[in-house]
Amino acid sequence: MKEYMIGLDVGTLETKAIVFNREGKALEEGARELGMSFPREGWFEQDLEEIWIKTASAIRDSIAAAKISSKEIACISVTGQRETVCPVDREGKPLRPAISWQDTRGWEVCKAIRRTVGAETVYKITGLPVNTMPSASKIVWTKRNEPEIYKKAWKFIGVVDFIVWKLSNEWVTDYSNANRTMLFDIRKLDWSNELLREFRLDREKMLDLVEPGTPVGTMTEESCKKTGLDKCVSVIYAGGDQQCSALGIGIVKPKRVSCILGTCTNIEAFSERIPFDPKMSLQAQVHVMPHAYLSEGGIGTSGIIYRWFRDQFGQTESQAAKELNEDPYKLLDQEAANVEPGSNGLMLIPYFAGSLFPYWNAEDRGVLVGLRLDHTKKHFIRAILEGIAYEYRRMAEEAERVSKTKIDTVRFMGGGAKSPIWTQIFIDVMGVKGEIPEVTEAGAFGAYMLGAAAIGRYRTVLEAAEKSVKVGKKITHNSNVHQRYNKFYGIYRRVYDRIQSLVNEISRVSIALSR
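Residues numbered from 1 in each chain as written. Predicted model: local features only at pLDDT ≥ 70, side-chain atom pairs only at ≥ 80, totals over all residues. Heavy atoms only, no water.

1. Digging into the overall build of the protein
As a reminder of what qualifies: A run of H or I in DSSP becomes a helix once it reaches four residues, and a run of E becomes a strand once it reaches two; helices and strands are each numbered from the N terminus. To get the radius of gyration, use the C-alpha atoms; to get the globule rule, take the number of residues to the power 0.38 and multiply by 2.2 Å. Think of it in three bands: residues with accessible area under 20% of the maximum for their type are buried, residues over 50% are exposed, and the middle band is partly exposed, with areas taken using a 1.4 Å probe on protein chains only. Only heavy atoms matter for contacts: two residues are in contact if any of them lie within 4.5 Å across the pair.
Across its full length, the protein holds 18 helices and 23 strands. Its C-alpha atoms give the protein a radius of gyration of 22 Å, within 12% of the compact-globule value 24 Å for 515 residues. Over its C-alpha atoms, taken along the principal directions, the protein stretches across nearly 60 × 50 × 45 Å. Burial analysis of the protein (515 residues in total) assigns 63% to the buried set. In the protein, the share of contacts with a sequence separation of at least 24, taken over all contacts with a separation of at least 6, comes to 73%.

If you want it as structure tokens, here you go:
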């Protein structure tokens, strides 16, 4: 019996392959940073071929690091970023750079959809607020602004779809990724003919649908050469990264929610029914577990703000980290730890690429409030960490409203879960228990579980989660600090509503002047 499996998570800024043994222990990994281009304000694009080349290298590196033979690997199970979309021809060649999930060029499309189709109609079909993150507005934008590319396009595909095709030569997408297009009927688990008709899009340009965790085939000869995998390795389409991450830390029952500290920060709350939100603040999602759903909220820019700060203002820490062979974020964290909770009244609103929850507005912008001459760089660092925690608490309170369930535990995952100060800030802001699983790279771990269930190592996905997820660290909130944060949080809840119209006007002027 083959002993090993690979969980592959193709993220926004990094692609990572992790080798797991049959008990679910992470052995070794391979990773590559991914590029992003910014052709215009609000535009975010990526090169799918670059993503494939770096992903193939990461897979090869993981096998080499684990010191195993590719013939010992049973399957590779693929998850990754959602919503990013690219038109391809019949040979699978991208016809333009992929338009990232962060891209807001479809904002005018979204405003038109709200006027003509109606936000409530779209939400009732898809479970999604009308916004620029789902693929639909990007596809409509392409049809209107690049009609020849739309005409030539055989299919519009996502990142996971592309990587699965590169590995297996099979074109499919799963429910959890289709759910992120704003073209998918969450009740029927099928493409919505009504919305495709309203948006004037062609159904034949959509991929065939499969359930999350579906084996789609085996490795091709070409992909074996690129990755070092054996041709008998099964390729599993795991699902979208946020749903796989939720599974990877055991979000398989109520009261426990996920906190993904990555490029973005999402909350995922488990539900046995479709968790429609009457206020349309939170998204209703298909889970990668059968007959299960998630209530999801998202902060579109969180970890990427910390990376932006590191790159723009953290040169000293980055150089020192290089000399000490340390992670520069560890040095930045140490500076933040020397600031009192509340950052001496400095507050960050983390809408650095428009807002997702709760406004779903591409014209929103990041804001620093409360600046004084006695603030230093370390106050800025802590304000970033706290601002994202405040926004997360807003989402958690809304998730409690939708689920009618009180949250008692937050489970962390992603790169930020390695930061003791950031996870402590979250728990002190929330006033609940915190847990960090032994495996924090939850997307790849969730993909492993789906793969393990697909090839029969577990009877069900639920069994895979219950037997695989183990808590490595528990965090207790500080009551005094929580009370201190409550005072700042009450202000945070009110700040952006007071200035949003002016901030949106700045965006409109800026975009007009950049044309």
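2. Some points on helix α4 (residues 135-145)
Burial within α4 is extensive, with eight of its 11 residues counted as buried. For α4, the elements touching its buried residues are β7 (98-99), α2 (107-116), α5 (147-152) and β8 (155-157).

3. Thoughts on the sheet that holds strand β2 (residues 14-21)
What counts is decided by this rule: Two strands are said to pair when DSSP picks up at least two bridges between them. For every element, the axis is a line fit to its C-alpha atoms; helices are fit only across the contacting stretch, and the angle between N-to-C directions ranges from 0 to 180 degrees.
The strand order β3-β2-β1-β5-β14-β13 describes an open sheet built from six strands, whose pairing is mixed. Bordering the open sheet on either side are β3 (26-33) and β13 (214-218), each of which pairs with just one other strand. On average, each strand axis in the sheet is inclined to that of its neighbour by 20°, with strand direction left out of account. Where strand β1 (residues 4-10) and β2 come together, seven bridges link them in antiparallel fashion. If you follow Tyr-4 over to β2, its bridge partner there is Asn-21.

4. Some words on the packing of aromatic side chains
Two aromatic rings, taken as a pair, are described by how far apart their centres are and by the angle between their planes. Put simply, the rule is: Aromatic rings from Phe, Tyr and Trp, taking only the six-membered ring of Trp, are treated as a pair when their centres fall within 6.5 Å; an angle between ring planes under 30 degrees marks them as stacked, one over 60 as edge-to-face, and anything in between as tilted. Either the NZ atom of lysine or the CZ atom of arginine qualifies as a charge over a ring when it sits within 6 Å of the ring centre and within 35 degrees of the ring normal.
Counted under the stated rule, the structure contains 26 aromatic pairs. Geometrically, the ring pair formed by Tyr-351 and Tyr-496 is edge-to-face, given 5.0 Å between the ring centres and 85° between the ring planes. A residue pair is termed long-range when its members are at least 10 positions apart, and Tyr-351 in the loop between β19 (347-349) and β20 (367-369) and Tyr-496 in helix α18 (residues 479-514) qualify at 145 residues. For Tyr-351, a relative accessible area of 2% puts it in the buried group. An aromatic cluster is built from Tyr-306, Tyr-329, Tyr-392, Phe-412, Trp-422 and Phe-426, whose rings are joined through pairwise contacts. Positioned above the aromatic ring of Trp-43 is the side chain of Arg-105, whose terminal nitrogen or guanidinium carbon lies 3.8 Å from the ring centre. The side chain of Lys-205 reaches across the aromatic face of Tyr-150, ending 4.9 Å from its centre.

5. Brief notes about the sheet that holds strand β17 (residues 283-286)
Taken together, the seven strands give an open sheet; going across it, the order is β17-β18-β16-β15-β21-β22-β23, and neighbouring strands pair in mixed fashion. Each end of this open sheet is capped by a strand with a single partner; those strands are β17 and β23 (471-475). Ignoring strand direction, the axes of neighbouring strands in this sheet form an average angle of 30°. In this structure, strand β21 (residues 409-413) lies alongside strand β22 (residues 433-437), joined through three bridges in parallel fashion.

6. Notes on helix α14 (residues 377-403)
Definition in use: The length a helix should cover is 1.5 Å for every residue beyond the first.
With 27 residues, α14 ought to run about 39 Å at 1.5 Å a step, and its terminal C-alpha atoms sit 40 Å apart, in line with that. For α14, the buried fraction is high: 21 of the 27 residues fall into the buried class. Of the residues flanking the end of α14, it is Lys-404, one or two places downstream, whose phi is positive at about 55°.

7. Quick look at unusual backbone geometry
With an omega dihedral of -5°, the bond running from Phe-357 to Pro-358 counts as a cis peptide bond. One can find Pro-358 in the loop between β19 and β20. Even without glycine at this site, Glu-83 takes up a positive phi of about 65°. Topologically, Glu-83 is positioned in the loop between β5 (73-80) and β6 (86-88). Phi is positive for His-291, which is not a glycine, with a value near 55°. The topology assignment puts His-291 in the loop between β17 and β18 (293-299). Overall, the relative accessible area of 73% leaves His-291 in the exposed class.

8. Considerations on the pairing of strand β16 (residues 265-271)
Most of β16 is tucked away: seven of the seven residues are buried. Side chains Thr-265, Ile-267, Ala-269 and Ser-271 of β16 all project onto a buried face; the interleaved residues Asn-266, Glu-268 and Phe-270 project onto the opposite face, where all are buried too. With three bridges connecting them, strand β15 (residues 256-260) and β16 associate as antiparallel partners. Directly across from Val-257, in β16, lies its bridge partner Ala-269. In textbook terms, the turn of a hairpin is the stretch between consecutive antiparallel strands, and for β15 and β16 this stretch comprises four residues. Inspection of the sheet shows β16 paired to β18 by seven bridges, in the antiparallel sense. Following the sheet pairing, Phe-270 is matched in β18 by Leu-294.

9. Observations concerning the side chain of Lys-16
Rules: Residues adjacent in sequence count toward polar contacts only when both atoms are side-chain atoms; beyond that, a polar contact is any pair of N or O atoms within 3.5 Å, and within protein one must be able to donate a hydrogen and the other to accept it.
You can see Lys-16 is positioned in strand β2. Looking at Lys-16, its side chain comes within polar contact range of the side chain of Glu-29, at 3.4 Å. Here the side chain of Lys-16 touches Glu-441 through a polar contact of 3.1 Å, side chain to side chain. Setting aside chain neighbours within four positions, we find Lys-16 in contact with Gly-7, Leu-8, Asp-9, Glu-29, Gly-30, Ala-31 and Glu-441.

10. Comments concerning the packing of helix α13 (residues 328-336) against α14
Going by this rule: Reported orientations rely on four angle classes, namely roughly parallel under 35 degrees, roughly antiparallel over 145, roughly perpendicular from 65 to 115, and oblique for the rest. Three classes are used: nonpolar for Ala, Val, Leu, Ile, Met, Phe, Trp, Tyr, Cys and Pro, charged for Asp, Glu, Lys and Arg, and polar for all others, with Gly counted as polar.
Interaxial distance between α13 and α14 falls to 8 Å at its minimum, and their mutual angle equals 100°. The angle between the axes of α13 and α14 places the two elements in the roughly perpendicular class. Within the contact between the two elements, α13 uses Leu-332, Asp-333, Glu-335 and Ala-336 and α14 uses Lys-377, Lys-378, Ile-381, Arg-382 and Leu-385. Of the residues contributing to the contact of α13 with α14, the split by class is four nonpolar, no polar and five charged.

11. Focus: the environment of Lys-188
As for its placement among the helices and strands, Lys-188 is situated in the loop between β10 (184-185) and β11 (190-191). Since its relative accessible area comes to 66%, Lys-188 is described here as exposed. Here the alpha-carbon distance between Lys-188 and Thr-126, two residues 62 residues apart in the chain, equals 9.9 Å.

Limitation: the analysis is restricted to geometry and does not speak to function.
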